[in-house]
Amino acid sequence: IDNDYVCVMAQVNGINESKYYCSAYENTDLPPTPVTVISPTTGYYNYTNILINYTNSSDSFGLNYYNISLCDINQNFLSVIKGNNSLNNTYTWNSTNITDGNYSVCVYTYDIVNQVTAGYSNIFALDKTKPGIVISSPNNNTHYMNNSNVQILATCTDANPISSALFNITLPDSSVSF
C-alpha cells in the first residue's frame, strides 16, 4: 500500500489566500508486495523443527499479517502451517505430522483491506524416515584373531541419496577403532 498525498492551496486572482495544506491518504489499489521466502531452501530436511524465514521488500505500512501454508511442488495448498503469524518474518514449524515427500512453503501477505499475494520457497524434501542398513559381513558373534583383516559389507537404503555411511568397531577392551 502506497502513501499518497493531496495538497491544496486556495488562490483568488493568482494571489494565495490560504495556507498550503497536505494530507496523506492510503492508495489501496495495489496488493502488497509478495515476500521472498529465504528458508527452507532446496535440500533434504530430516528433523522435525524447520525454520521458515521470509522477508518483504516493502515497508510494513498497510500490511496486516502473514499466513504460512504447506504447498505441493506445484504450489497447490495442502495445509496451514501457521495462520496469522502477525508481521513476524520467522516461524519454527513442527513438521511431526507431515509425511515424507517434496514440498514448498507458501507465505501469504495480507494488507489492511484484505488484498493478498503469495511468496513461495524452493522445493525441499522432508525425509524423517531413518535409512535402512543391512550388515552382511561379518556375521553376528564372529570372532577373529588379532591382526586379522575383517571385511565389512553393508547395504544402506533410503528414499533419498545417501552421501556417506559411518561405522565404528568396539574392541573387546572397549576401545573404539575406525
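All values reported here derive from a predicted model rather than from experimental measurement. (Residues numbered from 1 in each chain as written. Predicted model: local features only at pLDDT ≥ 70, side-chain atom pairs only at ≥ 80, totals over all residues. Heavy atoms only, no water.)

Draft legend 1. Fine view of the side chain of T109. When you line up the elements, T109 lands in strand 11 (residues 101-111). For T109, a relative accessible area of 0% corresponds to the buried category. (Helix = DSSP H or I, 4+ residues; strand = E, 2+ residues; numbered from the N terminus. Buried < 20%, exposed > 50% of the residue type's maximum accessible area, 1.4 Å probe, protein only.)

Draft legend 2. Representation of the environment of N64 in the model. In this fold, N64 is placed in strand 8 (residues 63-71). A relative accessible area of 37% means that N64 is categorised as partly exposed. Once the C-alpha coordinates of N64 and Y110 are considered, the two residues, 46 residues apart in sequence, prove to be 5.5 Å apart. If near-sequence neighbours (up to four positions away) are discounted, N64 is found in contact with L87, Y110, D111 and I112. (Contact = heavy atoms within 4.5 Å.)

Draft legend 3. Here's a closer look at the sheet that holds strand 5 (residues 36-39). Taking strand neighbours across the sheet as the criterion, the 3 strands line up as 5-7-10 in an open arrangement whose pairing is antiparallel. One side of each edge strand has no neighbouring strand; the edge strands of this open sheet are strand 5 and strand 10 (90-94). Neighbour-to-neighbour, the strand axes of this sheet turn through a mean angle of 30 degrees, independent of strand direction. Examined bridge by bridge, strand 5 and strand 7 (residues 49-55) share 3 bridges and lie antiparallel to one another. By the bridge assignment, T36 is partnered in strand 7 with T55. (Pairing = 2+ DSSP bridges. Axes fitted to C-alpha atoms, helices over the stretch in contact; angles between N-to-C directions.)

Draft legend 4. Region of the structure containing the packing of aromatic side chains. If you walk through the whole model with that rule in mind, you get 5 aromatic pairs. Taking the centre distance of 6.5 Å and the plane angle of 45 degrees together, the rings of Y103 and F124 count as tilted. Of the two residues, Y103 sits in strand 11 while F124 sits in strand 13 (residues 124-126), which places them 21 residues apart along the sequence. Of the two residues examined, Y103 and F124, each falls in the buried class. One aromatic cluster is present, formed by Y45, Y47, Y103 and F124 through successive ring pairs. (Phe/Tyr/Trp six-rings, centres within 6.5 Å; stacked < 30°, edge-to-face > 60°.)

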